[in-house]
Amino acid sequence: MIELISPPKSLDILLARANQLAGYSLGEIADSVNVDMPLNLNKHKGWVGNFIEQLLGATAGSKAEQDFTHLNIELKTIPISHQGKPLETTFVALAPLTGNVGLTWQMSHVHNKLQQVLWIPVEGEREIPLKDRKIGTPILWSPTQAQERMLQQDWEELTELISLGQFDAINARIGVALQLRPKGANSKVRTDAFDSNGLPIKTLPLGFYLRNSFTHTIITDHVRNDSNTYL
DNA sequence: CGCTGATCATAC
DNA sequence: GTATGATCAGCG
C-alpha cells in the first residue's frame, strides 16, 4: 500500500494513533490515506489486519516475533458482532510439530506473542459492507493470572499430543482457551512431524488459535470509562 | 447459527 | 514450505 508511517517510538504514541482510528469506518480511513480497498474479504482475508498494521506503523512483512518488537506488543485486529462478540477465532502462531522436546510454555511462541496484545476491534458482520465497518476502541491486554494458567494448561496438553505424535487424536475440540486447527494453503499441504513410534511422517500443518469464548472475556473485562467509546 | 476444518493472499 | 495477516464455508 502506501503511506510510510514510522514505527511508534513509545507506547503512548502507539495508543494515541490507535485511539484516533476509533469511530471511523475502514472506507473513510482508506480514502483519507489514498489506499484502495477490496469490496469484501473473500480473497483478502488478511486485509484489515495489514491495513491497521500500516496505519499504526508496524513493520510490514517482518519476521519479528511481535509487531512492535521495541515495545513488546503484538497487534491483533478482531472482528466483532453487533453484540460485541468475536466473530472469528484469533490465530496466534504456527504450532511446531517437531522440536518440542524440552520446550516449555514460557519459551513458546504462543506465550511470547500473548504477553501483551493491542486488540483493535472492527465491526465484522458480513452484512456490513467492508468499507462501512467501523473501527473500535483499542484494548491493550495482558493475560490475567487465571487466563495465563488456562492458556498454559491448554498449550501443554496440545503440545503433549504433538510430541506423542497423536495426530489422529488432535482436533479443534481440545482446549478451553487455545485450540489447534489447520493452518495452511489447503488440506493437501503437508509438513514434517513424528508419529507415535517416533518415525518421520508428513502431516497437516497446525496453528494455535484463541477460541471466541476466550477473546470475548478480554473484551468484556475491558473497562470503558466514557462516551468516547466505540463498539 | 456456532464451530470445526478448509482456505486465501503475499513475501521469501 | 514457513511465516505473516486472517476469514470462509457448510456441517451438525
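The coordinates are above.
Just so you know, these numbers come straight off a predicted model, no measurement behind them.

Draft legend 1. Spotlight on the overall build of chain A. If you tally the helices and strands in chain A, you get 6 helices and 8 strands. The linear arrangement of helices and strands in chain A, starting from the amino end, is α-α-α-β-β-α-β-β-α-β-β-β-β-α. Computed over its C-alpha atoms, the radius of gyration of chain A comes to 19 Å, within 12% of the 17 Å expected for a compact globule of 231 residues. In terms of overall dimensions, chain A has a C-alpha envelope of 55 × 35 × 35 Å along the principal axes. By residue count, 42% of the 231 residues in chain A fall in the buried class. Pairs at least 24 residues apart make up 68% of the contacts formed inside chain A by residues separated by at least 6 positions. Surface exposure of chain A reaches about 12,900 Å², of which carbon and sulfur atoms provide 51%. Charge-centre separation for chain A: the mean point of 21 positive side chains lies 5 Å from the mean point of 24 negative side chains.

Draft legend 2. Spotlight on the protein's contact with DNA strand B. Residues in contact with DNA strand B amount to 15 residues; listed here are only the nearest, Lys43, Lys45, Ala172, Arg181 and Ser187. The sugar and phosphate moieties of DNA strand B supply 53% of its atoms located within 4 Å of the protein. The separation between a phosphate oxygen of DNA strand B and a polar side-chain atom of Arg173 is 3.0 Å. At 3.4 Å from a base oxygen of DNA strand B is found a main-chain nitrogen or oxygen belonging to Gly184. For the surface near DNA strand B, a count of residues per class yields 4 nonpolar, 5 polar and 6 charged.

Draft legend 3. Representation of the protein's contact with DNA strand C in the model. Around DNA strand C sit 24 residues in total, of which Asp67, Lys113, Lys183, Thr191 and Tyr209 are the nearest. Of what DNA strand C places within 4 Å of the protein, 62% of the atoms are sugar or phosphate. Residue assignment for the surface near DNA strand C shows that the elements contributing at least two residues are helix H3 (47–56), strand S1 (74–80) and strand S2 (90–94). It is S1 that contributes the most residues to the surface near DNA strand C, 4 residues altogether.

Draft legend 4. How the structure looks around the sheet that holds S1. The strand order across the open sheet formed by 3 strands is S1-S3-S4, and the pairing between neighbours is mixed. Each having just a single partner strand, S1 and strand S4 (139–141) make up the two edges of the open sheet. Neighbour to neighbour, the strand axes of the sheet diverge by 30° on average, direction disregarded.

Draft legend 5. Seen up close, the nonpolar core. Residues Val110 and Phe208 are the most contacted members of the largest nonpolar core, which totals 31 residues. Put simply, the parts of the chain that give this core at least two residues each are S1, S2, strand S3 (117–123), S4, helix H5 (145–163), strand S5 (178–182), strand S8 (206–210) and helix H6 (212–221). If one sorts the elements of this core by residue count, H5 sits on top with 5 residues. Ranked by size, the runner-up nonpolar core spans 24 residues in total, among them Leu14, Val33, Phe51 and Leu130.

Conventions and cut-offs
- Residues numbered from 1 in each chain as written.
- Chains lettered and ligands numbered in written order.
- Predicted model: local features only at pLDDT ≥ 70, side-chain atom pairs only at ≥ 80, totals over all residues.
- Heavy atoms only, no water.
- Helix = DSSP H or I, 4+ residues; strand = E, 2+ residues; numbered from the N terminus.
- Rg over C-alpha atoms; globule rule 2.2 N^0.38 Å.
- Buried < 20%, exposed > 50% of the residue type's maximum accessible area, 1.4 Å probe, protein only.
- Contact = heavy atoms within 4.5 Å.
- Areas by Shrake-Rupley, 256 points an atom, 1.4 Å probe, with all protein chains shown as cover.
- Lys, Arg positive; Asp, Glu negative; His and termini not counted.
- Charge placed at Lys NZ, Arg CZ, Asp CG, Glu CD.
- Near = heavy atom within 4 Å.
- Polar contact = N/O pair within 3.5 Å; in protein donor to acceptor, adjacent residues only side chain to side chain.
- Nonpolar A, V, L, I, M, F, W, Y, C, P; charged D, E, K, R; others polar.
- Pairing = 2+ DSSP bridges.
- Axes fitted to C-alpha atoms, helices over the stretch in contact; angles between N-to-C directions.
- Core = buried A, V, L, I, M, F, W, Y, C linked by side-chain atoms within 4.5 Å.

Without other data, these values stay purely geometric and don't point to any function.
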